[in-house]
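Tertiary structure, described
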Amino acid sequence: TQYNELNGLPSSEVYRTFQDKQGFVWVGTDNGVVRFDGKVMTLFNTSNGLPDHTVFDFFEDHRGKIWFRTYSGLLSY
């Protein structure tokens, strides 16, 4: 299966993928982050909390929070 802008990704510019402890796949792009559960892609961007659209990296802490590193250098979870 190929995923792209036609079926849920906000951009074809993908910088990082990450699978968390619950099994969600996170995809960082230049136009937001997608959380994928195997069926549904949920978009996160500046309109719902990210400080920047471009996300380069992810980290899951010991409490299960997913931290994002953005283009502007800001961190968020």
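Given the structure is predicted, the values throughout are model-derived calculations rather than measurements.

How each quantity is defined
- Residues numbered from 1 in each chain as written.
- Predicted model: local features only at pLDDT ≥ 70, side-chain atom pairs only at ≥ 80, totals over all residues.
- Heavy atoms only, no water.
- Helix = DSSP H or I, 4+ residues; strand = E, 2+ residues; numbered from the N terminus.
- Rg over C-alpha atoms; globule rule 2.2 N^0.38 Å.
- Buried < 20%, exposed > 50% of the residue type's maximum accessible area, 1.4 Å probe, protein only.
- Contact = heavy atoms within 4.5 Å.
- Areas by Shrake-Rupley, 256 points an atom, 1.4 Å probe, with all protein chains shown as cover.
- Pairing = 2+ DSSP bridges.
- Core = buried A, V, L, I, M, F, W, Y, C linked by side-chain atoms within 4.5 Å.

1. Observations regarding the overall build of the protein
Helix and strand counts for the protein come out as zero helices and seven strands. Moving toward the C terminus, one meets the helices and strands of the protein in the order β-β-β-β-β-β-β. Relative to its length of 77 residues, the protein is compact, with a C-alpha radius of gyration of 12 Å against a globular reference of 11 Å. Principal-axis analysis of the C-alpha atoms places the extent of the protein at approximately 30 × 25 × 20 Å. The buried share of the protein, taken over its 77 residues, is 34%. Sequence-distant contacts, at least 24 apart, represent 27% of the contacts inside the protein between residues at least 6 apart. On the protein, roughly 5000 Å² of surface is accessible, and the fraction owed to carbon and sulfur atoms is 49%.

2. Details of the pairing of strand S1 (residues 14–19)
Direction of pairing for S1 relative to strand S2 (residues 25–29): antiparallel, over a ladder of five bridges. Each bridged residue has a counterpart across the sheet, and for Val14 the counterpart in S2 is Thr29. Linking S1 back to S2 in an antiparallel pair, the connection comprises five residues, with Gly23 at a positive phi of about 100°.

3. A look at the nonpolar core
Side chains that are nonpolar tend, in soluble globular proteins, to be buried together. Within the largest apolar cluster, eight residues are counted, these being Phe18, Trp26, Val33, Leu50, Val55, Phe58, Ile66 and Phe68. For this core, the secondary-structure elements that each account for two or more residues are strand S5 (55–60) and strand S6 (66–70). Those residues in contact with Phe18 that lie beyond four places of it in its chain are Phe24, Val25, Trp26, Phe58, Glu60 and Ile66.

4. Considerations on the side chain of Ser76
If you trace the backbone, Ser76 turns up in strand S7 (residues 75–76). Contacts of Ser76, omitting those with residues within four sequence positions, involve Leu50, Pro51, Ile66, Trp67 and Phe68.

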